[in-house]
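Residue-level listing of the chains:
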Amino acid sequence: MKKVVKFGGSSLASAEQFKKVGEIIRADKERRFVVPSAPGKRDPDDTKVTDMLYACYALAEEGKDFKAQLQAIQQRYQEIIDGLGLTLSLEEEFKTIEKNFKAKAGSNYAASRGEYLNGRIMADYLGFTFVDAAEAVLFDADGEFDAETTNRRLRERLENVDAAVIPGFYGAYEDGTVKTFSRGGSDITGSIVARAVKANVYENWTDVSGFLIADPRIIYKPEGIDTITYKELRELSYMGATVLHEDAIFPVRREGIPINIRNTNAPEDNGTWIVESTCQKPKYVITGIAGKKGFCSVNIDKDMMNSEIGFGRKVLQAFEENGISFEHVPSGIDTMTVFVHQDEFMPKEQQVVSAIHRLAEPDHIEIEGDLALIAVVGRGMKSTRGTAGRIFSALAHANVNVKMIDQGSSELNIIIGVANSDFESAIKAIYDIFVRIQI
Ligand code: ASP
């Protein structure tokens, strides 16, 4: 059995946090491959090392003096080294970093040093082999992650290694130039390593005990989610649920490796299991609720629209021509509505309207802004009658006007459009009807 364990920034923000991580790893011999983030915030007002690195490098790029900023970063690492009682010295590493900053090595390189240095400390602390991600995590010439070459290289590199630390967040182009994933990308590295070593589990350790059914900023102490499928998670993360990077599920999904989200500060909690499929019945009909504000609906009316072949294509072409992606397209007999992101749509609004007129010759177009979309997600909905009915009666009781409903054919989710101002009360009403008042 092999486990890949990834630790987020807050789990590695100080020597104290490192010690908790050390205990977690030593408690289980199967935890053989460790993927660290850079040190995160020690308290809410603190700055993440990654952000310090970006700021420091911005000075270097402008040709300004960045010594003090680099020293502050070195200090953060030195405190961890001292707190752990290690003799490791990062002097040479920082000299190299300073030289490379002066030579304008790029902001990707700069940011990646956060994980690189934390990986060095972690390997020293645990007595594990250090494997630089730049050696094995590869990007192609277009800057796209090269999944297959990476998988092969990483597999070969780790084949005969007993226990290793591989820093998260970055890799390199074929010529060795460092490139990072998007922010939060260490989650992706963990998943890539899990696939390469064919791990039994990918444990992702963070500062919460897994996913919650709804956003705790809206629902007071929402219940946690024990098990969620990759598909359900995808729907929820797309709609704004954050804990794990959106792209982190792809590498493990190919191998059917489950992800277990765990809490470094409460290792006794089981956390959330993210799996390909399960016959485990969800506790409630719904698995989770998530949503986003800031959408616009473009309603297009045309008599006899439903019998006009190609009408939908022409309307969508107007959006395509203006480089705007659409979210949902509910339609009626004589109407069709296109939901788009308001900030993306607004600058091109009138161009899109005239393009629709030119291409599809509608009778009337009406735009409505300040809308929110809410996704109610759950594999349990498929086998349960009346889910939509319950949602609507709950929303009606909460005086929320439903502007749109869209149920995916997989019956895995129901998307509801409401006014931005009704967003919070709608989520509360849905949470209450399914979780608090179980019938
Ligand atoms: N340290 C990087 C960030 O702050 C990557 C990560 O933590 O996953 O985004």
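Whatever comes next refers back to the structure up there.
The paragraphs below set out a description of the structure included in this document. Since this is a predicted model, take the numbers as computed values, not measurements.

Thresholds, definitions, all that
Residues numbered from 1 in each chain as written. Predicted model: local features only at pLDDT ≥ 70, side-chain atom pairs only at ≥ 80, totals over all residues. Heavy atoms only, no water. Helix = DSSP H or I, 4+ residues; strand = E, 2+ residues; numbered from the N terminus. Rg over C-alpha atoms; globule rule 2.2 N^0.38 Å. Contact = heavy atoms within 4.5 Å. Near = heavy atom within 4 Å. Polar contact = N/O pair within 3.5 Å; in protein donor to acceptor, adjacent residues only side chain to side chain. Areas by Shrake-Rupley, 256 points an atom, 1.4 Å probe, with all protein chains shown as cover. Nonpolar A, V, L, I, M, F, W, Y, C, P; charged D, E, K, R; others polar. Salt bridge = Lys/Arg side-chain N within 4 Å of Asp/Glu carboxyl O. Buried < 20%, exposed > 50% of the residue type's maximum accessible area, 1.4 Å probe, protein only. Pairing = 2+ DSSP bridges. Axes fitted to C-alpha atoms, helices over the stretch in contact; angles between N-to-C directions. Expected span 1.5 Å × (residues − 1). Arc of directions from axis to C-beta.

### With respect to the overall build of the protein
Thought 1: Assigned secondary structure in the protein consists of 15 helices and 17 strands.
Thought 2: For the protein, whose C-alpha radius of gyration is 25 Å, the value lies close to the compact-globule estimate of 22 Å for 439 residues.
Thought 3: With respect to the three principal axes, the spread of C-alpha positions in the protein is 75 × 55 × 40 Å.
Thought 4: Sequence separation of at least 24 residues holds for 75% of the intrachain contacts in the protein that already meet a minimum separation of 6.

### Some words on the site of the ligand
Thought 1: In the region of the ligand, the neighbouring residues are Ser37, Lys48, Thr50, Glu115, Phe169, Arg183, Gly184, Gly185 and Ser186.
Thought 2: Between the ligand and the protein, one listed contact pairs a nitrogen atom with a side-chain N or O atom of glutamate 115 at 2.7 Å.
Thought 3: A distance of 3.4 Å is found between an oxygen atom of the ligand and a backbone nitrogen or oxygen belonging to glycine 185.
Thought 4: Within the complex, 94% of the 260 Å² of free accessible area of the ligand lies under protein.
Thought 5: Tallied by class, the residues present in the shell around the ligand amount to one nonpolar, five polar and three charged.

### Quick look at the pattern of salt bridges
Close approach of charged atoms allows side chains of opposite charge to pair.
Thought 1: Applying the stated criterion to the full structure yields 31 salt bridges.
Thought 2: Put simply, aspartate 215 and arginine 217 hold a salt bridge, and the shortest N to O gap is 2.7 Å.
Thought 3: The exposure class of arginine 217 is exposed, given its relative accessible area of 75%.
Thought 4: Bridged by salt links that share partners, the residues Lys3, Asp28, Glu30, Arg31 and Glu203 form one connected network.

### Thoughts on the sheet that holds strand β6 (residues 170-173)
The pairing of strands in a sheet happens through backbone hydrogen bonds and is either parallel or antiparallel.
Thought 1: Strand order in the open sheet formed by three strands is β4-β6-β7, and the pairing between neighbours is mixed. Among the strands making up the open sheet, the edge pair consists of β4 (138-139) and β7 (178-180).
Thought 2: Pairing of β4 with β6, which is carried by two bridges, proceeds in the parallel orientation. Within the sheet, the bridge partner assigned to leucine 138 lies in β6 and is alanine 172.
Thought 3: Packed on one face of the sheet, helix α5 (residues 107-126) meets β6 and β7 and runs near 80° to β7.

### Focus on helix α1 (residues 15-26)
Thought 1: Taking 1.5 Å of rise per residue, twelve residues should cover 16 Å, and α1 covers 16 Å from first to last C-alpha, within 8% of that figure.
Thought 2: What α1 keeps buried is the set Ala15, Gln17, Phe18, Val21, Gly22, Ile24 and Ile25. Along the axis of α1, the buried residues cluster in a sector spanning 170°; they form a single face. Exposed side of α1, more than 90 degrees from the buried face: Glu16, Glu23 and Arg26 are the residues found there.
Thought 3: Tucked into the core, α1 has its buried residues touching β1 (3-7), β2 (31-36), α3 (67-83), α5 and β8 (201-206).

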